[in-house]
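Okay, here's what each chain looks like letter by letter:
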Amino acid sequence: MYFVGINIGIDKTTVSRSPGYNGAAVSQIALKNVRRPEVKSIDTAICKNDGEWSLGSIWYNVINNFFGCPWKMTVKESEPMREFANLIFNAILQHDSDLFYNQTSKEKNFVLGITIPSDWVRYSLDAEQQYINFFKYECGLPVDCCMSRSNAIYNSREFNINDSVLIIDIESGTIDFSTYVKSKCVQACCWGGNVGTQKIVDILITRIQYGNNAQNLRKLKEFRNSKGLHGDVLAVLSLFVQVQVETYFIEKHGAFVLLIPYIELTQSWPGAPWDLCIEFAASREEFNEIIAEYITSVNNTFVNAKIKLNQNGIAPNKVILSGNTAGVISIREYVWQVFDVRPNINCECEFDASSGISVWMSNNYKHQNIRERVCAVPNPSITLVIDVDWIGLNF
C-alpha cells in the first residue's frame, strides 16, 4: 500500500509518496514541468486551448490565481480548480507506474491525502471536511483524508518531545506562522501575515510596465484579445517573473535579467508581433534596492512574531523554514538573527507539506484497524479528517 500526499499551493503544486523509491521512506513524484524538467513541482496554473484543459505549460494561454476556498465559489468560478485537480491526479498515475486505480470499480493500491491552507482551517471548523467533499464529489477524486499544511510540514521532520517548534511557511500570498510545544499545536501562536513573495513579483511587474515595455505590452494585449486568449496579459507575465525571481535567489545570480520574446506569449498566428519582446534587467545592488521595502516588511513580521511568542512564554529551540523561497539567503539569515536559532531547511523544502502528510499516513495507519485510526489519532492537537468511505479499505 502506498500513501500519496498532494499539496496544491497558490503558486506551486507538489506530490509525494511513502514508501518512496528504492527503499526511501518518502519520495517526490515528478510531475511534468515543460519549462524546467529538472524541477519536480509544477506551477499551480492551467490553460485552455481549443476547448481542452491542460496543465499550465502553454504560457500564452494560461490561467493562474484560481486557487481559493472552493465552497465559497460558484460552479463556474471553481471550474479551473476542478480541472486542475483532475489533471494533477491523472499526471500522478501517468508518472508513477507503481500506483494503480480502477476508475470503474474504484479499486486502488494507495491512500490519497491532501493538504489544506492552514488559515482556512483556523477560520472554519469544517474546512477540512468541505475540502474533502469538493475533491471527492465535485472533482471525482478518491481523496481519503485532509490535513492542514502546517501540521503536514510539522510531520515532515522528527522532533523530541520537549522541543518548542516554530514553523515559518513562506508562500506567494502569505507567510504563515505555526507553533508547537511538546508536540502540541499552540493555537494562540498560529497566524498568517500578508507579506508573501508575490509582493516581489508585483513590484517587478510594476517596474516592467515602464519604457519600451509599456508600448509592447499594449500591443501584446490587443493581439491576445483579438485571438480570444484566456488570462490577463499581466497574469501570464507574472508567471515568467515568478520563475525568474526563484532562479535569481536560489542560484544566486549576480543580476536579475528578464527577457521574454513574444513567441512565448502568443501562438504562431499570422500577424503576431515577433520582433517585440518584454525585457528588464537590474544589477544585484539595484535589485536589492527595488525590493528593500518588501524585505523590511518581512523582517518586521519576524520581529513581531518573536514578540508574540515572548508574550506567550515560548522560546522556540527549533525553527523550520518551508516554502519555495525558504532558501533565500537574506530571509534565512534574518530569521537566525531574530530568533537566535539556526533555521532548519529541507533541501527540497517546497515538498515539506506533501511529504509530511504522506509520511504521517504511512506511519500512523499501517497495520491498524481503520476504526481505531479514526478514534485514536496519536496527536490530538493535529487535526485530521478522514472520509468515512475509507473504512472499507483493506491494508
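Residues numbered from 1 in each chain as written. Predicted model: local features only at pLDDT ≥ 70, side-chain atom pairs only at ≥ 80, totals over all residues. Heavy atoms only, no water.

Participant: What is the right way to read the overall build of the chain from this model?
Facilitator: Helix and strand counts for the chain come out as 12 helices and 17 strands. For the chain, the accessible surface area stands at approximately 18000 Å², while carbon and sulfur atoms represent 49% of it. (Helix = DSSP H or I, 4+ residues; strand = E, 2+ residues; numbered from the N terminus. Areas by Shrake-Rupley, 256 points an atom, 1.4 Å probe, with all protein chains shown as cover.)

Participant: Could you clarify how one ought to interpret the pairing of strand β5 (residues 46–49) in this entry?
Facilitator: The pairing of β5 with strand β6 (residues 52–55) spans four bridges and is antiparallel. By the bridge assignment for β6, Asn 49 is matched with Glu 52. (Pairing = 2+ DSSP bridges.)

Participant: Honestly, helix α3 (residues 127–138) in this entry has me stumped. Any pointers?
Facilitator: In an α-helix, one full turn covers 3.6 residues, which means residues spaced three or four apart are oriented alike. Helix length check: α3, at 12 residues, gives a terminal C-alpha distance of 15 Å against a target of 16 Å (1.5 Å per residue), a fit within 8%. The first or second residue beyond α3 is Gly 140, which carries a positive phi of 75°. (Expected span 1.5 Å × (residues − 1).)

Participant: How do you make sense of the state of the cysteines when you look at a structure like this?
Facilitator: The term disulfide refers to a covalent linkage connecting the sulfur atoms of a pair of cysteines. Within the structure shown, the criterion is met by zero disulfides. Left unpaired, Cys 185 is separated from the closest cysteine sulfur, that of Cys 190, by 3.5 Å. (Disulfide = S-S within 2.5 Å.)

Participant: I'm lost on the environment of Asn 212 in this one. Help?
Facilitator: Relative to the elements of secondary structure, Asn 212 occurs in helix α6 (residues 212–226). Here the alpha-carbon distance between Asn 212 and Glu 279, two residues 67 residues apart in the chain, equals 8.8 Å.

Participant: Sorry if this is basic, but what is going on with the side chain of Thr 44 here?
Facilitator: Structurally, the position occupied by Thr 44 is in the loop between β4 (42–43) and β5. Take Thr 44: its relative accessible area is 3%, and that puts it in the buried class. At 2.8 Å, the side chain of Thr 44 and the backbone oxygen of Gly 9 are in polar contact. Here the side chain of Thr 44 touches Thr 13 through a polar contact of 2.8 Å, side chain to side chain. (Buried < 20%, exposed > 50% of the residue type's maximum accessible area, 1.4 Å probe, protein only. Polar contact = N/O pair within 3.5 Å; in protein donor to acceptor, adjacent residues only side chain to side chain.)

Participant: Honestly, the packing of helix α1 (residues 79–95) against α3 in this entry has me stumped. Any pointers?
Facilitator: In a pair of packed helices, the angle between the axes and the distance between the axes together describe the arrangement. At their nearest, the axes of α1 and α3 sit 10 Å apart, and the two run at 75° to each other. On the basis of the axis angle, α1 is roughly perpendicular to α3. Counted together, Met 81, Arg 82 and Ala 85 of α1 and Tyr 131, Phe 134, Phe 135 and Glu 138 of α3 form the full contact between these two elements. (Axes fitted to C-alpha atoms, helices over the stretch in contact; angles between N-to-C directions. Parallel < 35°, antiparallel > 145°, perpendicular 65-115°, else oblique. Contact = heavy atoms within 4.5 Å.)

Participant: What is the right way to look at the packing of aromatic side chains in this model?
Facilitator: What the rule picks out here adds up to 17 aromatic pairs. Arranged with centres 4.9 Å apart and planes meeting at 25°, the rings of Tyr 154 and Phe 159 form a pair that is stacked. Aromatic pair Phe 177 and Phe 302: ring centres 6.2 Å apart, planes at 85°, arrangement edge-to-face. With Phe 177 in strand β11 (residues 175–181) and Phe 302 in helix α9 (residues 292–311), the pair connects residues that are 125 residues apart, well separated along the chain. Exposure remark for Phe 177: the relative accessible area of 0% places this residue in the buried category. Residue class for Phe 302 comes out buried when judged on its relative accessible area of 0%. One aromatic cluster is present, built from ring pairs that chain together Phe 67, Trp 71, Trp 120, Tyr 131, Phe 134 and Phe 135. (Phe/Tyr/Trp six-rings, centres within 6.5 Å; stacked < 30°, edge-to-face > 60°.)

Participant: I'm lost on unusual backbone geometry in this one. Help?
Facilitator: Most peptide bonds are trans, and most residues other than glycine sit at a negative phi. Geometrically, the link from Ser 18 to Pro 19 is a cis peptide bond, its omega value of -5° lying close to zero. Of note, Ser 183 is a non-glycine position whose phi angle comes to about 75°, a positive value. In this structure, Ser 183 sits in the loop between β11 and β12 (184–185). Unusually for a residue other than glycine, Asp 340 sits at a positive phi of about 55°. Residue position: Asp 340 is located in the loop between α10 (329–339) and α11 (352–365).

Function-wise, these values are silent; they only describe arrangement.
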